[in-house]
Amino acid sequence: MAHAFASLETAGPVAVWLIVLSFIFFECAFIFGLFLPGDSLLFAAGVVLAQHNSELSAWALSGVALIVAVVGNQVGYFIGRGTGTRVLARKGGKVLNRHNLKRAGDFLDRRGFWAVVLARWIPWIRTLAPMIAGAARMDLRRFTLATTIGAVAWVPTLVLAGYYGAGILQELPWLETAAVIVSIAFFLGGTGWGLWRYRQEMRKPIDDDADLEHLSDQQVR
């Protein structure tokens, strides 16, 4: 992974597409996506594409990544619908614990439809919300609409902010280069830290008492 991203600048837009689409899908679909730096990845992708003057690619990536994010959340929804939430929390977990799971469940319970929309901007809830919505049997059409609205507001905003933000710096080449290096370093560091944290969490036993299946479709509006 580190080698792939280290050569991202020379590999060009194709490498950016492959990395972004893969990571966004995993972050939105599976529990280990909880530890992946999706926000910084989208911003970094825009910065790197600006280095190649790939404006069309940046807009196209925004659209395709948006679709991938929605599909990923659909997968997360059906995982939650099939397994519930009892397998998520870990005894002694720093992130995957009963407290955080309850916070995410309460957030979804209070806000319903808009919780799924807003979850796109809250890293750890972004991954948990689809699974909890599925476990709570939230209406699939409402969930799909909510997660699509959230993706429209999330993906293009970050990719294009990175692209046009880097473009403003083109008159200062050293600063533009620094922006690319910092963006990539932040992504690599965040990914490495996240994978380490995920392994630490998964080593802990499942907390069988942290089940949120008491949520009902009537509660999740």
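Cut-off values and rules
- Residues numbered from 1 in each chain as written.
- Predicted model: local features only at pLDDT ≥ 70, side-chain atom pairs only at ≥ 80, totals over all residues.
- Heavy atoms only, no water.
- Helix = DSSP H or I, 4+ residues; strand = E, 2+ residues; numbered from the N terminus.
- Buried < 20%, exposed > 50% of the residue type's maximum accessible area, 1.4 Å probe, protein only.
- Contact = heavy atoms within 4.5 Å.
- Areas by Shrake-Rupley, 256 points an atom, 1.4 Å probe, with all protein chains shown as cover.
- Lys, Arg positive; Asp, Glu negative; His and termini not counted.
- Salt bridge = Lys/Arg side-chain N within 4 Å of Asp/Glu carboxyl O.
- Phe/Tyr/Trp six-rings, centres within 6.5 Å; stacked < 30°, edge-to-face > 60°.
- Expected span 1.5 Å × (residues − 1).
- Axes fitted to C-alpha atoms, helices over the stretch in contact; angles between N-to-C directions.
- Parallel < 35°, antiparallel > 145°, perpendicular 65-115°, else oblique.
- Left-handed = near helix turned anticlockwise from the far one by under 90°.
- Core = buried A, V, L, I, M, F, W, Y, C linked by side-chain atoms within 4.5 Å.

1. Some thoughts on the overall build of the protein
Along the backbone of the protein there are ten helices and zero strands. Helices and strands in the protein line up, N terminus first, as α-α-α-α-α-α-α-α-α-α. Residue burial in the protein is summarised as follows: out of 221 residues, 50% are buried. When contacts within the protein are restricted to residue pairs at least 6 apart in sequence, long-range pairs at least 24 apart make up 83% of them. For the protein, the exposed area adds up to about 10300 Å²; of that, 66% sits on carbon and sulfur atoms.

2. Focus on unusual backbone geometry
Peptide bonds are trans in most cases, and residues, glycine excluded, mostly fall at negative phi. One non-glycine residue with positive phi stands out, namely N53, at about 55°. For N53, the location among the structural elements is in the loop between α4 (38-51) and α5 (55-83). A relative accessible area of 57% places N53 in the exposed class.

3. What about the side chain of R120?
With respect to the secondary-structure elements, R120 resides in the loop between α7 (113-118) and α8 (123-135). Although R120 is buried, it makes no salt bridge; E27 carries the closest opposite charge, 7.6 Å away. Apart from residues no more than four positions distant in its own chain, R120 is found in contact with C28, D39, A69, V70, N73, R126, T147, G150, A151 and W154.

4. Quick look at the packing of aromatic side chains
Tallied over the entire structure, the rule returns seven aromatic pairs. Members of the aromatic cluster, connected to one another through ring pairs, are F25, F26 and F30.

5. Some details on the side chain of S62
Residue placement: S62 occurs in helix α5. Among all residues touching S62, those that are not within four sequence positions of it are V155, P156, V159 and L160.

6. Let's talk about helix α3 (residues 13-29)
Taking 1.5 Å per residue as the helical rise, α3 with its 17 residues ought to reach 24 Å, and the 24 Å between its terminal C-alpha atoms agrees with that figure. Residues A15, V16, I19, V20, F23, I24, E27, C28 and A29 constitute the buried set of α3.

7. Thoughts on the packing of α5 against α8
To characterise two packed helices, one gives the angle between the axes of the helices and the distance between these axes. For the pair α5 and α8, interaxial distance at closest approach is 6 Å and the crossing angle is 45°. By the angle between their directions, the pair α5 and α8 is classed as oblique. Considering how the two elements wind past one another, α5 and α8 form a crossing that is right-handed. Together, N73, G76, Y77, G80 and R81 of α5 and R126, P130, M131, A133, G134 and A135 of α8 make up the contact between the two elements.

8. Description of the environment of I19
With respect to the helices and strands, I19 occurs in helix α3. Sequence-wise, I19 and A45 are 26 residues apart; in three dimensions their C-alpha atoms are separated by 8.9 Å.

9. Focus on the nonpolar core
Core analysis: the biggest nonpolar cluster contains 29 residues, and V20, I24, L42, W154 and V155 have the highest contact counts within it. Residue assignment for this core shows that the elements contributing at least two residues are α3, α4, α5 and α9 (140-168). A total of eight residues in this core trace back to one element, the largest contributor, which is α9. When sequence neighbours within four positions are dropped, the list of residues in contact with V20 reads L41, L42, A45, L61 and A65. By size, the runner-up hydrophobic cluster in this structure holds 23 residues, among which are A104, L108, M131 and F143.

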